[in-house]
Amino acid sequence: MEHGGDLTLAMERFGGMREDWLDLSTGINPYSYPLQRTMSAGAWTALPEKAAEERLIAAARHAYKVPEHLGLVAAPGTQILLSLLPLALPDGPVALVSPTYSSHKAVWTRENRPPVEISSIHAVPADAKIAVLVNPNNPDGRLVDVRSLLDIARALTARGGYLVIDEAFADVVPGGSILLHLGDENVLVLRSFGKFFGLAGLRLGFLAGNTAITAKVSGLLESWSLSGPALEIGAAALRDDAFRQSMTHRLAEDMADLTLTLSEAGLSVFGGTTLFALAGLRDAKALHEALARRHIWTRVFDYAPTWIRFGLPGGPANLERLSQALADAQKDI
């Protein structure tokens, strides 16, 4: 599995229609932001306007606590932004903290700059110009503290390098973001909109940091790269402090319930965030396939045959369905 979230393969192999499946293969919030609060007809019928993009950027600065001295650019998803970073950042060796989200390795390799994979951000080679970290990490949820990251960023800055931090899941870790603490360090931070707000199909993401690099990335994006609905919905959601606060609590409660369910089924939960749980067992692929036969889709990893990741089921009924499927699946493996 290169990524979670696409049920095409699941349906081809295990049958069923889309509505038959419970997709737990991603870390996307199952409780999406309510669109009826925000959508207007003009978002669909008019070309996106500069003023709408400025409102979105202001809302993102507010939500992510991005200091005014940092640049901030919006794009149709962080996937596009991370693919542009090899074009915008200086030449030199790249280090990537692994295992992690596979696209980080892929985008640098595609530009003939294959990264050296390291097990910890504290092990950045002395000759590295670029260091890349997902924080909290996907899929295991490892979190590096801000003070350590600032020390590493300053060391990289001193040799003309950059620290790239993918904070795709930082919304659910209060105080975990480095953004509020940044001064003149060469740090670039990716923020994902769709995961926390449950609107991955909207395709919206942000890059914050050094103004020279954010301006260069902005120049690589085409005109009207963001749709009218993305501009409008994104601005409203990022300004909705009440939603973000209440959702943070709701996700934590749901994850506690999911962790208990997995533990009762004999799985060892050893990592994750409040949007996904990483569990271990002897043959994760066998459990993955046994659940798929019951139309529940999970995420497994070629590099770690004992790992299986579960997203939030999204309510008591789906959690009970998972609990029963886990009990039944144990008979198959």
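Within every chain, residues take consecutive numbers counted from 1 along the sequence as written. Restriction of local features to residues with pLDDT of at least 70 applies here, the model being predicted, together with a cutoff of 80 or more for giving and counting side-chain atom pairs; totals for whole chains, interfaces and linings are based on all residues. Excluding hydrogens and water, the side-chain values take into account all heavy atoms of the structure.

So what exactly am I meant to see when it comes to the sheet that holds strand E5 (residues 130-134) here?
The strands that make up a sheet pair up through hydrogen bonds in the backbone, lying either parallel or antiparallel. DSSP calls a pair of strands paired once it identifies at least 2 bridges connecting them. Only DSSP runs of H or I reaching four residues or more are called helices, and only runs of E reaching two or more are called strands; each is numbered from the N terminus. A sheet is described by the order of its strands in space; here 7 strands give the open sequence E2-E8-E7-E6-E5-E3-E4, paired in mixed fashion. The outermost strands of the open sheet, each flanked by one partner alone, are strand E2 (71-75) and strand E4 (116-118). Averaged over all adjacent pairs, the angle separating strand axes in this sheet is 20°, with direction ignored. Of the pairings in the sheet, the one linking strand E3 (residues 94-97) to E5 comprises 3 bridges and is parallel in character. Following the sheet pairing, Leu96 is matched in E5 by Val132. Should any heavy atoms of two residues lie within 4.5 Å, those residues are considered in contact. The axes are straight lines fitted to the C-alpha atoms, using for helices just the contacting stretch, and the angles between their N-to-C directions are given from 0 to 180°. Strands in contact with helix H3 (residues 50-64) are E2, strand E7 (187-192) and strand E8 (205-209); relative to E2, the strand with the most contacts, it is inclined by about 115°. Of the strands in this sheet, E3, E4, E5, strand E6 (162-166) and E7 are in contact with helix H5 (residues 103-110), which crosses E5 at around 155°.

Looking at this structure, I do not really get the nonpolar core. What am I missing?
Burial of nonpolar side chains together is a common tendency in soluble globular proteins. Here the nonpolar core consists of buried residues drawn from Ala, Val, Leu, Ile, Met, Phe, Trp, Tyr and Cys, with membership extended through side-chain atoms lying within 4.5 Å. For every residue, the accessible area (1.4 Å probe, protein chains only) is compared with the maximum for its type, and the residue is labelled buried under 20%, exposed over 50%, or partly exposed between those bounds. In this structure, Ile121, Phe193, Phe206, Leu238 and Phe310 are the most contacted members of the largest nonpolar core, which totals 82 residues. Counting residues per element, this core draws most heavily on H3, which supplies 7 residues. Other than its neighbours up to four places away in sequence, Phe310 contacts Leu24, Leu258, Leu262, Leu267, Phe276, Ala277, Ala279, Leu287, Leu291, Thr298, Leu322 and Leu326. Counting 22 residues, the second largest nonpolar core, distinct from the first, contains Leu89, Ile130, Tyr162 and Leu188.

Spatial relationships are all this shows, so hold off on functional conclusions.
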